[in-house]
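Breakdown of the fold
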Amino acid sequence: MNYHLIGINGVSMSGLAKLLLELGHEVSGCDLNKLKTKNEKLKTFEGHNIDHITRDLDAVVVTSATLHPLSPAKAEIEQAKKLGVKIIRRSEMIGKMMSPNNLIFPGNRVGIAIAGMHGKTTTSSMIAHILTQAGLDPTFLIGGEVRNIGASEHLGKGKYFVAEAGEY
């Protein structure tokens, strides 16, 4: 599938892009500043422009911030609607990936989502670290780098998927 992520510079969105690429999907994205990446498969753009949204996209992934009426991404979102491209919130996309036997990330897994106002990154990191140390090779997507692992995301082979869920 072909995804475009608006707001790709965010830790969670850039991590989501990396996971989608590892799963074999085509991924592009944009933000106010161009994402610095060494991955040549990831097409990124600086700024927001309706030309980023094309009919060949299966979905545009957005954050709650990009849906704000004053967001600079408003024109891209309107273009996606005009072209009939599906718009998916980041949280919904992660939920779909956690669901059993989906087309984005096939297979059965146990989703572990950490929500709340404070401590989400720390708690998510601790759970991902514990599962990793236990040899369970979890997939995780966290809004900050897991210091003991050295990344904010990992595509694991185990049945667990740990995600930091925003307070939205």
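Residues numbered from 1 in each chain as written. Predicted model: local features only at pLDDT ≥ 70, side-chain atom pairs only at ≥ 80, totals over all residues. Heavy atoms only, no water.

Moving on to the overall build of the chain. A count of helices and strands for the chain gives 4 helices and 9 strands. Start at the N end of the chain and walk to the C end: the helices and strands fall as β-α-β-β-β-α-β-α-β-α-β-β-β. Here the C-alpha atoms of the chain give a radius of gyration of 16 Å, agreeing with the 15 Å that 2.2 N^0.38 yields for 168 residues. Summarising its shape, the C-alpha atoms of the chain cover approximately 45 × 30 × 30 Å along the three principal directions. Evaluated residue by residue, the chain yields a buried proportion of 45% over its 168 residues. Split by element, the accessible area of the chain, about 9,000 Å² in all, is 52% carbon and sulfur. (Helix = DSSP H or I, 4+ residues; strand = E, 2+ residues; numbered from the N terminus. Rg over C-alpha atoms; globule rule 2.2 N^0.38 Å. Buried < 20%, exposed > 50% of the residue type's maximum accessible area, 1.4 Å probe, protein only. Areas by Shrake-Rupley, 256 points an atom, 1.4 Å probe, with all protein chains shown as cover.)

Further remarks concern the packing of aromatic side chains. Enumeration according to the criterion identifies 1 aromatic pair in this entry. Above the ring of F105, the side-chain terminus of R109 is found at 3.7 Å from the ring centroid. (Phe/Tyr/Trp six-rings, centres within 6.5 Å; stacked < 30°, edge-to-face > 60°. Lys NZ or Arg CZ within 6 Å of the ring centre and 35° of its normal.)

A separate point is helix 3 (residues 90–98). Listing the buried residues of helix 3 in full gives R90, M93, I94, M97 and M98. For helix 3, the arc enclosing every buried residue in end-on projection is 140 degrees, short of the 170-degree limit, so these residues lie on one face. (Arc of directions from axis to C-beta.)

Read from one edge to the other, the open sheet built from 4 strands follows the order 6-9-7-8, with strand pairing classed as mixed. Of all the strands in the sheet, the pair left with one neighbour each is strand 6 (110–114) and strand 8 (151–154). Each strand of the sheet is rotated relative to its neighbour by a mean of 20 degrees, with strand direction disregarded. Set on the sheet, helix 1 (residues 11–22) makes contact with strand 7 (139–146), strand 8 and strand 9 (160–164); between it and strand 7 the angle comes to about 145 degrees. (Pairing = 2+ DSSP bridges. Axes fitted to C-alpha atoms, helices over the stretch in contact; angles between N-to-C directions. Contact = heavy atoms within 4.5 Å.)

On to the nonpolar core, then. Among the nonpolar cores identified, the biggest contains 25 residues, and Y3, L5, L16, L20, M93, M97 and F161 are the most heavily contacted of them. Secondary structure elements with two or more residues in this core: strand 1 (2–6), helix 1, strand 4 (59–62), helix 3 and strand 9. Sort the elements by how many residues they give to this core and helix 1 lands first, with 6 residues. The residues touching M97, leaving out its near neighbours within four places in the chain, are L16, L19, L20, L23, N102, I104, F105, R109 and F161. (Core = buried A, V, L, I, M, F, W, Y, C linked by side-chain atoms within 4.5 Å.)

For the rest of this paragraph, the subject is the side chain of H25. Relative to the assigned elements, H25 resides in the loop between helix 1 and strand 2 (26–31). H25 sits in the buried class, given a relative accessible area of 8%. Among the polar contacts made by the side chain of H25, one reaches the main-chain amide nitrogen of M1 at a distance of 3.2 Å. With residues up to four places along the chain from it excluded, the contact list for H25 reads M1, Y3, L20, L103 and I104. (Polar contact = N/O pair within 3.5 Å; in protein donor to acceptor, adjacent residues only side chain to side chain.)

This part covers the sheet that holds strand 5 (residues 86–89). With respect to topology, 5 strands assemble into an open sheet ordered 3-2-1-4-5, the strand pairing being parallel. Each edge of the open sheet carries a strand with a single partner, namely strand 3 (43–46) and strand 5. On average, each strand axis in the sheet is inclined to that of its neighbour by 20 degrees, with strand direction left out of account. Where strand 4 meets strand 5, 4 bridges bridge the pair, whose relative direction is parallel. Counterpart to V61 in the pairing with strand 5 is I88. Packed onto the sheet, helix 1 meets strand 1, strand 2 and strand 4 and runs at close to 170 degrees relative to strand 1.

So, on to the packing of helix 1 against helix 3. Taken N-terminus to C-terminus, the directions of helix 1 and helix 3 make an angle of 35 degrees; their axes are 11 Å apart at the nearest point. Here helix 1 and helix 3 pass one another in a crossing that is left-handed. Residues S12, M13, L16, L19 and L20 of helix 1 pack against R90, M93, I94 and M97 of helix 3. Residue classes in the contact of helix 1 with helix 3 are distributed as 7 nonpolar, 1 polar and 1 charged. (Left-handed = near helix turned anticlockwise from the far one by under 90°. Nonpolar A, V, L, I, M, F, W, Y, C, P; charged D, E, K, R; others polar.)

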